[in-house]
Amino acid sequence: MKRILFFLMAVAAIALFESCQRDTTCRIHGTVGKENLNGKRIFLVPLTGPQTAEYVDSVVIQDGKFEFTTDSAKMFKILVDYHYRMGIQTLLVVGEPGDIEVKIDSVSSAHGARQNDSLQVWKELTEQYAHDRDMYSRTVGMLRQNDHMEDAAKIEKQGHEVLLAYKNRTRQMAANMKGTTVGDFLEEVFPKTYQKKMPDGSIVTMDADTNEPISE
């Protein structure tokens, strides 16, 4: 009898383990930072592809919280009703198995599983680059306005180096996440090459950073 009981318990444990292994559900637990959003709708929208009612999910925010579930391994946007969207940052998330904690506010964020954690790192990297880019742009503008062209050229070069560093960091992250939804997304952000049609009708492969033809 004990052997039978042990066997049944082992079978149940294996079945439970396999069930957990097959669980592809992504559970998105969210909070919002603004009280005026209570009772308003928030949407989970595919980043690409059809964005009709059949593919878009929505729930009502209650007590500053909301929750979505999906088993689709896609990139999504989380955004509030467009009537109340001013000052609220749209957030990209990945439908990966597990529990994802998101915060929707003037600066939104997502954490909780490998791909979303990596996407959050890239989001912060992008925001830092945008800050630096604007600073360089303002500085160059002021220098040119005051006819300091040589200094402006130096700052402009530094800005280009910052852009290149941001591109390369993004590409490295894409390589590290290769074969995942986030990896595919990041790979498309800064491709290393592109195709250009020349006046004679030929197609030339160009370096995306230098905009120069690549020798075959």
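All of the points below concern the structure found in this document. From a predicted model like this one, the values you see are computed outputs, not experimental measurements.

**Quick look at the sheet that holds strand S8 (residues 109-111)**
One open sheet holds the four strands; their spatial order is S4-S1-S7-S8, and the pairing between them is mixed. Of all the strands in the sheet, the pair left with one neighbour each is strand S4 (65-70) and S8. Each neighbouring strand pair of the sheet contributes to a mean axis angle of 20°, computed without reference to strand direction. As paired elements, strand S1 (residues 26-32) and S4 share six bridges and run antiparallel to each other. Residue pairing for S4: Gly-30 is matched across the bridge by Phe-66. Each of strand S7 (98-104) and S8 is contacted by helix H2 (residues 114-145), which is oriented at about 145° to S8, the strand it contacts most.

**Topic: unusual backbone geometry**
Within the chain, Asp-63 stands out as a residue other than glycine whose phi angle is a positive 50°. Relative to the helices and strands, Asp-63 is located in the loop between strand S3 (57-60) and S4. Even without being a glycine, Asn-211 presents a positive backbone phi close to 55°. Structurally, the position occupied by Asn-211 is in the segment after strand S10 (203-207).

**Here's the deal with the packing of aromatic side chains**
Summed over all chains, the structure comprises four aromatic pairs. Both rings, one in Trp-122 and one in Phe-185, keep their centres 5.6 Å apart while their planes meet at 90°; by these two values the pair is edge-to-face. Of this pair, Trp-122 sits in helix H2 while Phe-185 sits in helix H4 (residues 181-189), and the two are 63 residues apart along the sequence. You can call Trp-122 buried: its relative accessible area is 10%. For Phe-185, a relative accessible area of 18% translates into the label buried. Grouping aromatic residues by their ring pairs yields a cluster made of Tyr-129, Tyr-166 and Phe-190. Sitting over the face of the ring of Tyr-84, Lys-40 holds its NZ or CZ atom 4.9 Å from the ring centroid.

**Some details on the environment of Leu-163**
Secondary-structure assignment places Leu-163 in helix H3 (residues 149-176). Between the alpha carbons of Leu-163 and Ala-130 there is a distance of 9.4 Å; along the sequence they are 33 residues apart.

**Re H3**
The end-to-end C-alpha distance of H3 is 40 Å, a good match for the 40 Å that 28 residues give at a rise of 1.5 Å each. Among the residues of H3, those classed as buried are Ala-152, Ile-155, Gly-159, Tyr-166, Lys-167, Thr-170, Arg-171, Met-173 and Ala-174. Those residues of H3 that are buried are in contact with H2 and H4.

**Considering the environment of Ile-61**
Position of Ile-61 among the secondary structure elements: in the loop between S3 and S4. Given a relative accessible area of 1%, Ile-61 falls into the buried group. Each C-alpha atom, one on Ile-61 and one on Lys-40, is 5.7 Å from the other, the two residues being 21 residues apart in sequence. The residues touching Ile-61, leaving out its near neighbours within four places in the chain, are Val-32, Leu-37, Asn-38, Gly-39, Lys-40, Ile-42 and Phe-66.

Conventions adopted
- Residues numbered from 1 in each chain as written.
- Predicted model: local features only at pLDDT ≥ 70, side-chain atom pairs only at ≥ 80, totals over all residues.
- Heavy atoms only, no water.
- Pairing = 2+ DSSP bridges.
- Helix = DSSP H or I, 4+ residues; strand = E, 2+ residues; numbered from the N terminus.
- Axes fitted to C-alpha atoms, helices over the stretch in contact; angles between N-to-C directions.
- Contact = heavy atoms within 4.5 Å.
- Phe/Tyr/Trp six-rings, centres within 6.5 Å; stacked < 30°, edge-to-face > 60°.
- Buried < 20%, exposed > 50% of the residue type's maximum accessible area, 1.4 Å probe, protein only.
- Lys NZ or Arg CZ within 6 Å of the ring centre and 35° of its normal.
- Expected span 1.5 Å × (residues − 1).

All we've got here are geometric facts, nothing functional implied.
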